[in-house]
Amino acid sequence: MLFSELARYYQKLEDVSSRLKMIDIMADIFKNADKDEIKSIIYMTEGVLAPAFEGLDFGVAEKLLEEAIAVAAGMDKGEVEKAYKKYGDMGIAAQELISQSKLRRMNAKKYSVLEVYGVMNKIAVTSGSGSKDAKIKMLAELLAGSSPEEAKFMARYPIGQLRLGAGDSTILEALSVAFTGSRESKAELENAYNICSDLGYIGEVLSKKGISEVRSLKVSLFKPIRPALAERLPTAEEIIKKMGGKCAVEQKYDGFRCQVHKSGKKVKIYSRNLEETTDMLPDIAKAAITEINEEHIIFEGEALGMNEATGEFLPFQETMQRKRKHGITEKIEELPLHLVAFDIMYLNGKDLMKEPYEARRNLLENAVKGAKMITPSKRIITTEPKELEEFFETSVEGGLEGIVAKDLKAPYIAGARKFSWIKMKRSYKGELSDTLDLVIVGYFLGRGSRTEFKFGGLLCAAYNKKRDMFETISKIGTGFTEANMQAFYELLSKAVVKQKPARVDSLITPDFWVEPKYVITVKADEITKSPMHTCGMQEDRSGEKAGYALRFPRIVGDGFIRRDKSPEDATSTSEIIEMFNDQKRVSVK
Ligand code: ATP
């Protein structure tokens, strides 16, 4: 496929306002591409070069791109800066300048998709001294030989601003349509994706070998598994009932989640959002080699600092200090990390995903036997709400977050939030003090005293997994400092899209729509019903339509943007509905 053809499809994706049409366009791309191109096209459409766990960044800053555009268009850097300021979009700036360039006709090339992807890869792996100039040269050559329409997407791609609005689920559905003729295989594709976290790979296997081969994909070392997630319930009685009268109850540790893959002396550790973090956790990597006797293993746990004198785990903030890249070596001495292991998914050639929890737990305990820095989570098995409650209280008194109850018979359910794991934190008891993770879908201009900031508030959404849509739940207009407003403006103005993104469902029109990609953590006093928001919107008995909304919403956290969560990891509509119902139940008591 020529890159010019792909760029035409991308333009269509940008213009479309319905999710279903988006899927049709993407399915057309896959149908018309060569089988050898599918993998690269998927990565390109996701705006990446490889799956997140490979950690391959473009290493292209806006300034570098500006220089490349200037060289390609035979213009001054100042003119590129001016155009970028004017359009607020590097793609449109590149498109305009390339179309005005006198050099263009002499250089016109017919790039294939693989050529463009190949050069982008080369740009990414170029590092060290002189790499900046080399990157500029490669990008400039690419842009100089392209049409204005191609330049638009070529410029956006390496700076993460493609803004096509396609999520994992959308791409999987389009793959299903393209290669099996219907949407029905999406669930199977999703299962396969959950165990390898690589959409490009799934697309390649599907296009070359068919759906049966995708079905038989197994867990493998150094391809991280998408994490199992926990549902929530507010009381011990409800947990025991939901679990069918008996369950395991593990302490809930508040550190950061690690998925450890070990094969002989090779170890890689992946975070909750499946980025490789081995370099930041050298002590855990070492312990996996020296303390675990199994040759080939994938297991999972929570990494935490410990006060060695008292044997108590440290609070999250203190553990996090350690995670910052700087001073890792000194911090190892000061604050060695422990790994509290809570699951195992693979052992010496055997995929354990379908084994029941209890069997996995035995294998896990066996694997970590005798280890010092890696220990199994503390747990009980109970049929009694009272016993669960007491275990919960002791955990909280010991400075932990709460408990996670586990269904003794359940397999490891990758990439999904199911009732096979149920969390209960202290905060659920009594009020809505658990936080929500919401996706920013738009923002408002400052009014009154805020006019000077060009930012006055956010429009936020929850994720409806079934519909693969972002449904609005709240406007957030309070609690921002001047510095926050400036920071939000700078971040969001670069993610503005000209119309409501196809996967956003909203009755409110903000001053600017933004590509749904940033997640923030929000606290609120209560979940209420509102006709203004589309989250979980349904007709009530009187025929009025109402969705869910937040009362007194405010942002929490210092860094604001949850870089560890993708938009599809945001609190889901069904969780909001459950939280609304829990809130009612608790307040009635
Ligand atoms: P989630 O991970 O469910 O999206 P979150 O990131 O806000 O939400 P929590 O709601 O606090 O996290 O709870 C789930 C997390 O708890 C898991 O992702 C895991 O990192 C952590 N955890 C701590 N102890 C355990 C345990 N014993 N079993 C399973 N998970 C545990």
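Residues numbered from 1 in each chain as written. Predicted model: local features only at pLDDT ≥ 70, side-chain atom pairs only at ≥ 80, totals over all residues. Heavy atoms only, no water.

(A) Inspection of the nonpolar core at higher detail. Counting 80 residues, the largest nonpolar core has Phe3, Leu6, Phe30, Met44, Ile69 and Met120 as its most contacted members. The contact partners of Met120, leaving out residues within four places of it in the chain, are Leu49, Phe58, Leu139, Leu142, Met154, Tyr157 and Pro158. Judged by nonpolar contacts, the second largest core, of 31 residues, contains Ile440, Ile473, Val514 and Ile561. (Core = buried A, V, L, I, M, F, W, Y, C linked by side-chain atoms within 4.5 Å. Buried < 20%, exposed > 50% of the residue type's maximum accessible area, 1.4 Å probe, protein only. Contact = heavy atoms within 4.5 Å.)

(B) Fine view of the side chain of Asp468. Structurally, the position occupied by Asp468 is in the loop between β14 (457-464) and β15 (469-476). On the basis of relative accessibility, which here comes to 0%, the residue Asp468 falls in the buried class. Engagement of the side chain of Asp468 in a polar contact is seen with the side chain of Thr170, the distance being 3.0 Å. Polar side-chain contacts of Asp468 include one of 2.6 Å to the side chain of Arg503. (Helix = DSSP H or I, 4+ residues; strand = E, 2+ residues; numbered from the N terminus. Polar contact = N/O pair within 3.5 Å; in protein donor to acceptor, adjacent residues only side chain to side chain.)

(C) How the structure looks around the pairing of strand β12 (residues 417-425). Relative to β12, strand β1 (residues 229-232) runs parallel, the two sharing four bridges. When the bridges of β12 are listed, Glu231 appears paired with Ile422. Sheet analysis places strand β11 (residues 402-406) next to β12, joined by five bridges and oriented antiparallel. The residue bridging Gly402 from the neighbouring strand is Lys425, located in β12. (Pairing = 2+ DSSP bridges.)

(D) Representation of unusual backbone geometry within the structure. Positive phi is not limited to glycine here, since Leu274 has a value of about 65°. By secondary structure assignment, the location of Leu274 is in the loop between β4 (266-270) and α16 (282-291). The backbone of Phe552 shows a phi angle near 50°, a positive value even though the residue is not glycine. Its place among the elements puts Phe552 in the loop between β22 (545-551) and β23 (554-561).

(E) Here's a closer look at the environment of Ser18. Structurally, Ser18 is set in the loop between α1 (3-15) and α2 (19-32). Relative accessible area serves as the criterion here: at 26%, Ser18 is assigned to the partly exposed category. Measuring from C-alpha to C-alpha, the distance between Ser18 and Pro501 comes to 8.3 Å, with 483 residues separating the pair along the chain. Only 3.1 Å separates the side chain of Ser18 from the backbone nitrogen of Lys21, close enough to count as a polar contact.

(F) Main features of the packing of helix α3 (residues 38-46) against helix α13 (residues 199-209). One can describe the packing of α3 onto α13 by two numbers: an axis separation of 8 Å at closest approach and a directional angle of 150°. α13 is crossed by α3, and the crossing has right-handed handedness. Contact residues: Ile38, Lys39, Ile42, Tyr43 and Glu46 in α3; Leu199, Gly200, Tyr201, Gly203, Glu204 and Ser207 in α13. (Axes fitted to C-alpha atoms, helices over the stretch in contact; angles between N-to-C directions. Left-handed = near helix turned anticlockwise from the far one by under 90°.)

(G) Structural context of the environment of Ile38. With respect to the element layout, Ile38 can be found in helix α3. The class for Ile38 is buried, based on a relative accessible area of 0%. Spatially, the C-alpha atoms of Ile38 and Gly203 are 6.3 Å apart, while their sequence positions differ by 165 residues. Ile38 has contacts with Phe30, Ala33, Phe179, Gly203, Glu204 and Ser207, leaving out every residue within four places of it along the chain.

(H) Broad picture of the sheet that holds strand β20 (residues 526-530). Ordered in space as β20-β22-β21, the three strands form an open sheet in which the pairing is antiparallel. The open sheet has two edge strands with one neighbour each: β20 and β21 (538-539). Across five bridges, the pairing between β20 and β22 is antiparallel. Note on β22: the bridge partner recorded for Glu526 is Arg551.

(I) Region of interest: the sheet that holds β1. Strand order in the open sheet made by the five strands is β1-β12-β11-β2-β10, with mixed pairing throughout. Each of the sheet's edge strands pairs with one partner strand only, and the pair in question is β1 and β10 (379-382). Direction aside, neighbouring strands of the sheet carry axes that sit 35° apart on average. Relative to β10, strand β2 (residues 247-252) runs antiparallel, the two sharing four bridges.

(J) Examining the packing of helix α4 (residues 62-73) against helix α5 (residues 77-87) more closely. One way to put it is that α4 packs onto α5 with a least axis distance of 8 Å and a crossing angle of 120°. The angle between α4 and α5 places the two elements in the oblique class. For the element pair α4 and α5, the recorded crossing hand is right-handed. Side by side, α4 and α5 meet where Glu62, Lys63, Glu66, Glu67, Ile69 and Ala70 of the first sit next to Lys77, Val80, Glu81 and Tyr84 of the second. Of the residues assigned to the contact of α4 with α5, the class counts are four nonpolar, no polar and six charged. (Parallel < 35°, antiparallel > 145°, perpendicular 65-115°, else oblique. Nonpolar A, V, L, I, M, F, W, Y, C, P; charged D, E, K, R; others polar.)

(K) Looking closely at the pairing of β2. Across the six residues of β2, six count as buried, placing the element largely inside the fold. Where β2 meets β11, five bridges bridge the pair, whose relative direction is antiparallel. Bridged to Ala248 within β11 is Lys406.

(L) Up close: the state of the cysteines. Summed over all chains, the structure comprises zero disulfides. Here Cys460 stays unpaired: no disulfide links it, and the sulfur of Cys535, its closest cysteine neighbor, is 12 Å away. (Disulfide = S-S within 2.5 Å.)

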